[in-house]
Amino acid sequence: MPAPDLTPQTPGDPLANAISTTTASTGNQDANEQATANANAQAPAVPDFTAKHNGGGRWVVIDANAPQVDGKDVKIGDFTGTKDEALAEAERLTAGGEPLVLDPKRENESKPAVTTTASTGTIDATTLKQAVMTPEGWLCPEPVAKG
């Protein structure tokens, strides 16, 4: 006798017991397929995105249906926030929104104005209180010569 086909169960799903009792009582292949199709049609839909605690009070959004990579869930987008923010982000993504993507290279930011500093020839090193970066390199304060 061949082994029965295994159907994945979701914890708390009441339909899993209904499938096994229908299969056991009828023993008919067509009835088994019909019971499985009915159970799949009535099963509540699993949300596409869910919030997950990432440690240190940080929450991220993961795709609940995506396979794990190296035993870890795959983070969606660059979002990191509190639990409430992560739940709101997961609902937004489930409704069809696009994932948050930050600009790590900062290509869209304006560059700060370049300030020119005086060359080392115009700075008196004996009057400096701390090191100063000049176009030629760092200029460190000189101690006052005694004697």
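Please refer to the structure higher up on the page.
Residues numbered from 1 in each chain as written. Predicted model: local features only at pLDDT ≥ 70, side-chain atom pairs only at ≥ 80, totals over all residues. Heavy atoms only, no water.

A few points about helix H3 (residues 83-94)
Here comes step 1: Counted at 1.5 Å a residue, the expected span for H3 with its twelve residues is 16 Å, and the 16 Å between its end C-alpha atoms agrees.
Here comes step 2: For H3, the set of buried residues is Ala86, Glu89, Ala90 and Leu93. Angularly, the buried residues of H3 cover 100° about the axis, an arc narrow enough to put them on a single face. Projecting away from the buried face of H3 at angles above 90 degrees are the exposed residues Asp84 and Glu91.
Here comes step 3: Buried residues in H3 make contact with strand S1 (49-55) and strand S2 (58-63).
Here comes step 4: Once H3 finishes, Gly96 follows within two positions and takes phi at roughly 115°, a positive value. (Helix = DSSP H or I, 4+ residues; strand = E, 2+ residues; numbered from the N terminus. Expected span 1.5 Å × (residues − 1). Buried < 20%, exposed > 50% of the residue type's maximum accessible area, 1.4 Å probe, protein only. Arc of directions from axis to C-beta. Contact = heavy atoms within 4.5 Å.)

Thoughts on the pairing of S2
Here comes step 1: Here S1 pairs with S2 via six bridges, running antiparallel. Among the inter-strand pairings, Phe49 is bridged to a residue of S2, identified as Asp63.
Here comes step 2: Here S1 hands over to S2 after two residues, with Gly56 in that stretch at a positive phi of 65°. (Pairing = 2+ DSSP bridges.)

Let's talk about the nonpolar core
Here comes step 1: Membership of the largest hydrophobic core is limited to nine residues, which are Phe49, Ala51, Trp59, Val61, Ile76, Phe79, Ala86, Ala90 and Leu93.
Here comes step 2: Sorting the residues of this core by element identifies S1, S2 and H3 as the ones contributing at least two each.
Here comes step 3: Looking at this core element by element, the count peaks at three residues for H3. (Core = buried A, V, L, I, M, F, W, Y, C linked by side-chain atoms within 4.5 Å.)

Considering the environment of Asp63
Here comes step 1: Looking at where Asp63 falls in the secondary structure, it is placed in strand S2.
Here comes step 2: What makes Asp63 partly exposed here is its relative accessible area of 22%.
Here comes step 3: A distance of 3.1 Å separates a polar side-chain atom of Asp63 from the backbone nitrogen of Asn65. (Polar contact = N/O pair within 3.5 Å; in protein donor to acceptor, adjacent residues only side chain to side chain.)

Comments concerning the pattern of salt bridges
Here comes step 1: Summed over all chains, the structure comprises two salt bridges.
Here comes step 2: Residue Lys52 pairs with Asp73 through a salt bridge whose shortest N-O separation is 2.9 Å. Here Lys52 is found in strand S1, whereas its partner Asp73 is found in the loop between S2 and H3, with 21 residues between them in sequence.
Here comes step 3: Its relative accessible area of 34% is what places Lys52 among the partly exposed residues.
Here comes step 4: The closest approach of N and O atoms between Glu89 and Arg92, which form a salt bridge, is 2.8 Å. Of this pair, Glu89 and Arg92 are both found in helix H3, three residues apart, which corresponds to roughly one turn of the helix. (Salt bridge = Lys/Arg side-chain N within 4 Å of Asp/Glu carboxyl O.)

Function cannot be read off these values alone, since they describe shape.
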